[in-house]
Amino acid sequence: MTQDDLKKAVAVAAVEYILPLLEEDTIVGVGTGSTANMFIDELAKHKQLFDGTVASSEASAERLKGHGIPVYDLNAVNSIRVYVDGADESNNHLHLIKGGGAALTREKIVAACSEEFVCIADESKLVKVLGDFPLPVEVIPMARSYVARELVKLGGDPVYREGVVTDNGNSILDVYNLEILDPVALETSIDGIVGVVTNGLFAKRAADILLLGTKDGIKTLKK
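The residue numbers shown here count from 1 along each chain, following its written sequence. Predicted model: local features are reported for residues with pLDDT of at least 70 only, side-chain atom pairs are reported and counted for 80 or more only, and whole-chain, interface and lining totals are derived from all residues. The side-chain values count all of the structure's non-hydrogen atoms but skip hydrogen atoms and water molecules.

Colleague: Quick question: what am I supposed to make of unusual backbone geometry here?
Modeller: Glycine aside, a negative phi is what most residues show, and trans is what most peptide bonds show. Phi is positive for L94, close to 65°, though the residue is something other than glycine. Its location among the elements puts L94 in the loop between β4 (89-90) and β5 (96-97). The phi angle at N177 is positive, at roughly 65°, despite the residue not being glycine. Every helix listed is a DSSP run of H or I at least four residues long, and every strand listed is a run of E at least two residues long, numbered separately from the N terminus. Among the secondary structure elements, N177 is positioned in the loop between β9 (171-176) and α6 (183-191).

Set out below in structure tokens:
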């Protein structure tokens, strides 16, 4: 199976997982990225079963609207029953690295507001120790150089992601060469740097369930 085949399989599995949760007033949180796009396409087949969605990026919002699925501003909804999104890396504790698509801040907000966070990924994303994938950090543009110097003190090698502006109008630093042995502590430390909006570690609010597409079928991991 190709990587796209695995992504499609796990997107189908995610829809099957959330179907029992859907009611006519249910709000579904929807993430960003190639796997999330496949989830959106599968979710559209059942759009009559729920109220609408909250999207973690403008790109996902447009894809949802293209399927005729309502997209609400987060401030207009009372709760999100379930949030489905991909990841760039996950460990066995369901701590994640996200933000390869530069949507990490809105993804983290939607995850924080959701009763349940379902992560979907192919088997290549499961690792023993986070950090092979560079850790994205969203920063206020004027603070980029200062934040980069502070990240070096934490042992990382930050690289400015040139030409990328987030949906919030900010910049991204990708931090290489981190061996993340304590994701919760590092997430807290980076978020404490003045000028950081947020970072791509989802450890304080980890996923509740990971649906992993493998060549042998869907593997389910829970916290």
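Colleague: What is the right way to read the sheet that holds β5 from this model?
Modeller: Pairing between the strands of a sheet comes from backbone hydrogen bonds, and it takes one of two forms, parallel or antiparallel. If you walk across this open sheet you meet the 3 strands as β4-β5-β11, and the pairing is antiparallel. Two strands in the sheet have a free side with no partner beyond their single neighbour: β4 and β11 (201-202). In this sheet, β5 lies alongside β4 in antiparallel orientation, the contact comprising 2 bridges. For E89, the partnering residue across the bridge sits in β5 and is I97. Strands qualify as paired when DSSP identifies two bridges or more between them.

Colleague: Would you explain the nonpolar core in this entry?
Modeller: Soluble globular proteins tend to bury their nonpolar side chains together. Of all hydrophobic cores here, the largest spans 25 residues; its most connected members are I18, V28, F39, L43, V84, I120 and L211. Of all the elements in the fold, those that place two or more residues in this core are α1 (3-18), β1 (27-30), α2 (34-43), α3 (58-66), β3 (82-85), β6 (117-122) and β12 (209-214). Setting aside chain neighbours within four positions, we find F39 in contact with A11, A14, V15, I18, V28, V30, V84 and I120. Of all hydrophobic cores here, the second largest spans 19 residues; its members include L130, V137, L151 and I180. To define a nonpolar core, start from buried Ala, Val, Leu, Ile, Met, Phe, Trp, Tyr and Cys residues and group those joined through side-chain atoms within 4.5 Å. For the exposure calls, accessible area comes from a 1.4 Å probe over protein chains only, and a residue counts as buried if that area is under 20% of its type's maximum, exposed if over 50%, partly exposed in between. Residues count as neighbours in contact if any of their non-hydrogen atoms are within 4.5 Å of one another.

Colleague: What am I meant to see in the pairing of strand β7 (residues 135-139) here?
Modeller: As a general feature of sheets, a regular strand has side chains that alternate between the two faces. For β7, a buried count of 5 out of 5 residues is recorded, marking the element as mostly surrounded by other parts of the structure. Along β7, one buried face is formed by L135, V137 and V139 and the opposite face, lined by P136 and E138, is buried too. Two elements, β7 and β9, share 5 bridges in a ladder whose sense is antiparallel. If you follow V139 over to β9, its bridge partner there is S171. Note that β7 and strand β10 (residues 196-199) share 3 bridges and pair antiparallel. Looking across to β10, one finds that V137 is bridged to N199.

Colleague: How do you make sense of a nonpolar patch on the surface when you look at a structure like this?
Modeller: For patches, a residue must show more than 30% relative accessible area and have no salt bridge; joins then use 9 Å for like charges and 5 Å for nonpolar side chains, namely Val, Leu, Ile, Met, Phe, Trp and Tyr. Note on areas: these come from Shrake-Rupley sampling with a 1.4 Å probe, and a residue is covered only by the protein chains present in the view. Salt bridge, as used here: a side-chain nitrogen of Lys or Arg that lies within 4 Å of a carboxyl oxygen of Asp or Glu. On the surface, a nonpolar cluster with roughly 310 Å² of combined accessible area is contributed by I140, M142 and V197. Locating M142 in the fold gives a position in the loop between β7 and α5 (144-153). Judged by relative accessible area, which is 80%, M142 ranks as exposed.

Colleague: Sorry if this is basic, but what is going on with the state of the cysteines here?
Modeller: In protein chemistry, a disulfide is the covalent bond that joins the sulfur atoms of two cysteines. We call a pair of cysteine sulfur atoms a disulfide when they lie within 2.5 Å. Applying the stated criterion to the full structure yields 0 disulfides. C113 forms no disulfide, and the closest cysteine sulfur to it belongs to C119, at a distance of 18 Å. The exposure class assigned to C119 is buried, which follows from its relative accessible area of 0%.

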